[in-house]
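An overview of the molecular structure
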Amino acid sequence: MADRVARTVLAKPRRSIGVAVGVAVFVVVFALLATGPATPAPAARTIRARAVGAQQINAKVDALISRMTVGEKFGQLEMSGPTGPGGTPGDLLLREAREGLVGSVLDMVGVANINRLQQAALQSRLHIPIIASLDVIHGYKTMFPVPIAEASSWDPAAVSGDEAISADEATADGLKWTFNPMVDIGRDPRWGRVVEGAGEDPYLGAEIAAAKVRGYQGTDYSAQDKMAATVKHFAGYGAPVAGREYNTVDMSDQQLRNDYLPPYKAAVQAGAATVMSAFNSLNGVPASANPYLLQTILRQEWGFAGTVVSDYQAIQELIAFGFASDQADAARLALSAGVDIEMAVQIPSQYSTYANAGPQLLAAGRITTNQLNNAVRHVLRLKYLAGMFDHPYTDPTRVTGAELTPAHLAAARTMAAHSMVLLENHNRALPLGTGTSSVAVVGPLADNRRDQLGPDQPIGYSVDQGKVVSVVDGIKAALPHATVAYAQGCDANCNSSSGFGAAVSAAQSAAVTVVVLGEPAADSGEASSRSDIGLPGQQLALVQAIAQTGKPYVVVLMNGRPLTISWLAEHAPALLEAWYPGTEGGDAVADVLFGKVDPGGKLPMSFPRNVGQIPISYNELPTGRPYDPAAKYTSRYLDIPNTPQYPFGYGLSYTPFSVSNLRLSSTSVPVNGSLTASADVSNTGSVAGDDVVQLYLHESDTSILQPVRRLEGFQRVTLAPGQTQTVTFPLNGQRLGFYDAQGRFGVQPGPFDVWVGDSSVGGQSSHFSVG
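The shown structure was predicted, so the numbers you read here are calculated from the model rather than taken from an experiment. (Residues numbered from 1 in each chain as written. Predicted model: local features only at pLDDT ≥ 70, side-chain atom pairs only at ≥ 80, totals over all residues. Heavy atoms only, no water.)

The next point concerns the overall build of the protein. Regarding its fold elements, the protein presents 26 helices and 26 strands. Rg of the C-alpha trace for the protein: 26 Å, near the compact-globule value of 28 Å for 771 residues, within the 12% margin. Counting only C-alpha atoms and orienting by the principal axes, one finds that the protein spans roughly 75 × 65 × 55 Å. Within the protein, the proportion of its 771 residues that are buried is 61%. For the protein, restricting intrachain contacts to residue pairs at least 6 apart in sequence, the fraction spanning at least 24 positions comes to 78%. Per element, the accessible surface of the protein, about 26,800 Å² overall, is 52% carbon and sulfur. Treating the 55 positive side-chain charges of the protein as one cloud and the 67 negative ones as another, the clouds have centres 4 Å apart. (Helix = DSSP H or I, 4+ residues; strand = E, 2+ residues; numbered from the N terminus. Rg over C-alpha atoms; globule rule 2.2 N^0.38 Å. Buried < 20%, exposed > 50% of the residue type's maximum accessible area, 1.4 Å probe, protein only. Contact = heavy atoms within 4.5 Å. Areas by Shrake-Rupley, 256 points an atom, 1.4 Å probe, with all protein chains shown as cover. Lys, Arg positive; Asp, Glu negative; His and termini not counted. Charge placed at Lys NZ, Arg CZ, Asp CG, Glu CD.)

Right, let's get into the sheet that holds strand β1 (residues 78-80). Pairing is parallel across the open sheet formed by 5 strands, whose spatial order is β4-β3-β2-β1-β10. On the outer flanks of this sheet lie β4 (177-178) and β10 (342-343), each paired with one strand and no other. (Pairing = 2+ DSSP bridges.)

Moving on, we get to the sheet that holds strand β20 (residues 689-699). Across the sheet, 5 strands lie side by side as β18-β26-β25-β20-β21; this open sheet has mixed pairing. Here the strands that pair on one side only, and so sit at the sheet edges, are β18 (668-669) and β21 (710-719). In terms of strand pairing, β20 meets β21 through 9 bridges, oriented antiparallel. Pairing of L695 across the sheet is with G713, part of β21.

What follows is about the packing of aromatic side chains. One pass over the structure, following the stated rule, counts 17 aromatic pairs. With 5.2 Å between their ring centres and 80° between their planes, W154 and F714 make a pair best called edge-to-face. Placement of W154 in the loop between α7 (147-152) and α8 (156-172) and of F714 in strand β21 is noted, with a sequence separation of 560 residues between them. Like F714, W154 is buried. Taking 5.2 Å as the distance between ring centres and 85° as the angle between the ring planes, the aromatic pair formed by F234 and Y264 counts as edge-to-face. (Phe/Tyr/Trp six-rings, centres within 6.5 Å; stacked < 30°, edge-to-face > 60°.)

Turning our eyes to something else, we now look at helix α21 (residues 471-478). For α21, the full list of buried residues reads V471, V472, G474 and I475. Along α21, the residues classed as buried sweep out an arc of 165° about the axis, all on the same side. Where α21 is buried, its residues contact β12 (438-442), α19 (449-452), β13 (483-487), β14 (512-518), β15 (553-558) and α25 (585-593). (Arc of directions from axis to C-beta.)

A few words on the pattern of salt bridges. Counted by the stated rule, this structure contains 29 salt bridges. A salt bridge links R193 to E196; its shortest N-O distance comes to 2.7 Å. For R193, a relative accessible area of 0% puts it in the buried group. Accessibility expressed as a relative area gives 1% for E196, which makes it buried. Here D473 ties to R449 by a salt bridge, and the two come within 2.6 Å at their closest N and O atoms. Placement of D473 in helix α21 and of R449 in helix α19 is noted, with a sequence separation of 24 residues between them. By relative accessible area, which is 27% here, D473 ends up partly exposed. With relative accessibility at 27%, the residue R449 sits in the partly exposed group. (Salt bridge = Lys/Arg side-chain N within 4 Å of Asp/Glu carboxyl O.)

Before going further, it helps to spend a moment on the packing of helix α9 (residues 202-217) against helix α11 (residues 262-269). The interhelical angle for the contact between α9 and α11, taken along N-to-C directions, is 25°, at an axis separation of 8 Å. By the angle class used here, α9 and α11 are roughly parallel. By crossing handedness, the relation of α9 to α11 is classed as right-handed. Two secondary-structure elements touch here, α9 through P202, G205, A206, A209, A210 and V213 and α11 through P262, P263, A266 and A267. Of the residues in the contact of α9 with α11, the class split is 9 nonpolar, 1 polar and no charged. (Axes fitted to C-alpha atoms, helices over the stretch in contact; angles between N-to-C directions. Parallel < 35°, antiparallel > 145°, perpendicular 65-115°, else oblique. Left-handed = near helix turned anticlockwise from the far one by under 90°. Nonpolar A, V, L, I, M, F, W, Y, C, P; charged D, E, K, R; others polar.)

This is how it looks when you write it as structure tokens:
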């Protein structure tokens, strides 16, 4: 926060922070009571208990609001940060807390700091606790693979486990609120924040989004090891024009609802405590002043009863948009649209529109008491549901035993290997033999602990604290009796080739070389859009120099987005996408390279051949002149194929799999009916391995065009050599329907094609009809 205080109002933060607040238990209870057949007795008792708890919380919140002054109410809508040296609370923040003028805090870590601030807050007139928040994106002290890597696992249960560990570590340090998950669909890899999401597909994105919410919050985020989750950035933030950060977003309502909103909705339905409004404008209206998003869709259609928070300084930026005339107008627009908490710098004070202009707006009748009270109600309910009133302090002794434990580090290692995607493996270049006598490890990310973690490391994070295992470390541990030589070659930006000679010499002296290439972490994340998404600097020349030695080599990539890597795709004997693999990344890379773990990850985003294909995704709409590489007057490029370098859902393994015997429970169902699709997946090789079985649909003869394929089911399986498993996918109205041009969801009669395979290309096919 201290660094943010120094920024001007137009300055952008180092990374985005999303904050939104408090899912209301009574809405969840109502939904449960309103669905399905008779509820079993134990579940019914749980529902009744939650209903009683919700009523009690609502009564307490209303009683508290009735006693609050206008200043105290606006104080609850303010998010501040540390004002002292070294991230300590500082006298100014402590005074604000004692006066009840701050409701939440961001970017302050350390249980002692947070408890000290909490003590000040509890000295306020009404003794309302603060809640401390932070970007806990892919770990706190134990750093897991970045989110795009987690999505590559295609394993929501494993992803949920990652977030549960992150919540355990963060809450031990006093935090009770994370600004994650980021669920923005991304189809333009020039945009740097694809690293924080789950890729291009709404179904996969929705499954991952819900899993993350469950991991952070569990069934009750007042538990000491759970925290409130934030679904961000609402909405459409992942589709900026030209892939340029903060740029405008413009799309049809049907595209918004079918392609971009499903992950947000899934997170809300999973109980996400908070929602964050986005920086971008959507169809000409900034998201933080957009009642269609924040009221019509989020609250009225989806029944969200939690808290909405702006992204950092987003309300002030309504003025820069030209949408608001001044701070008072910006505050009026945002609060009226449904933004409850303003994430803003209070120092200098002119940057906080709610605190500065709110009381005057109320006095002048430009906002209503009901609007103000509703916003405050959302904030207070969040604090009750997070347990802040009952347990405002964190036990300072808990942090020692909760962070960087052997179990947490083992989980990080497992997930890193679980998420890696094998892109190429010619002539079985991988796995490498564990009896290899000598290995050269070269490249700018081979021994680069900081960049290996990726962007969005929490405030106060230290690499030394993280015990990061580099690829060099991991290979040395995997081959304790081998000679392992390391040569960097160049740094991650690779603007100089002066180190190439040492790298080539190491390769010439070794039995095999592992070349570790990719992006510096600063090239991914917020404010990190790239017009050229190839390997940075002269990295390609480095690997070409290694290749020219004629000695065996394999390539490992660490990056936060799909890259254009046509030379590697054509020439590298083996190519392993490791993304930014986190704390235990080096051991995990070694586990895969030497065959201890079979690579079973699949791509959540298409890899383009070059930037001219962007935006690119597998689930495009059909055209009247479909692609034909031999016919000019079709939808095609003259110079490259339409197809990506690597398609969505693609990934190789050390063992071959086959998918066969696709069968449907019915070939014709009514509009309100359902069916199942089943197929057999077999490991036809000699080693155990993982495959991800994927189901895709296409419907014809509909009121609006449907994607050529759309994912509607997947399952990751682990099979022993020779083992066969049947995978079954239910297909009901939720899977068969779509939003029409009027924004109405439904199933329309028509013929369906169905494919089951292990990528978005090919597979076993069949047909059925609805009508």
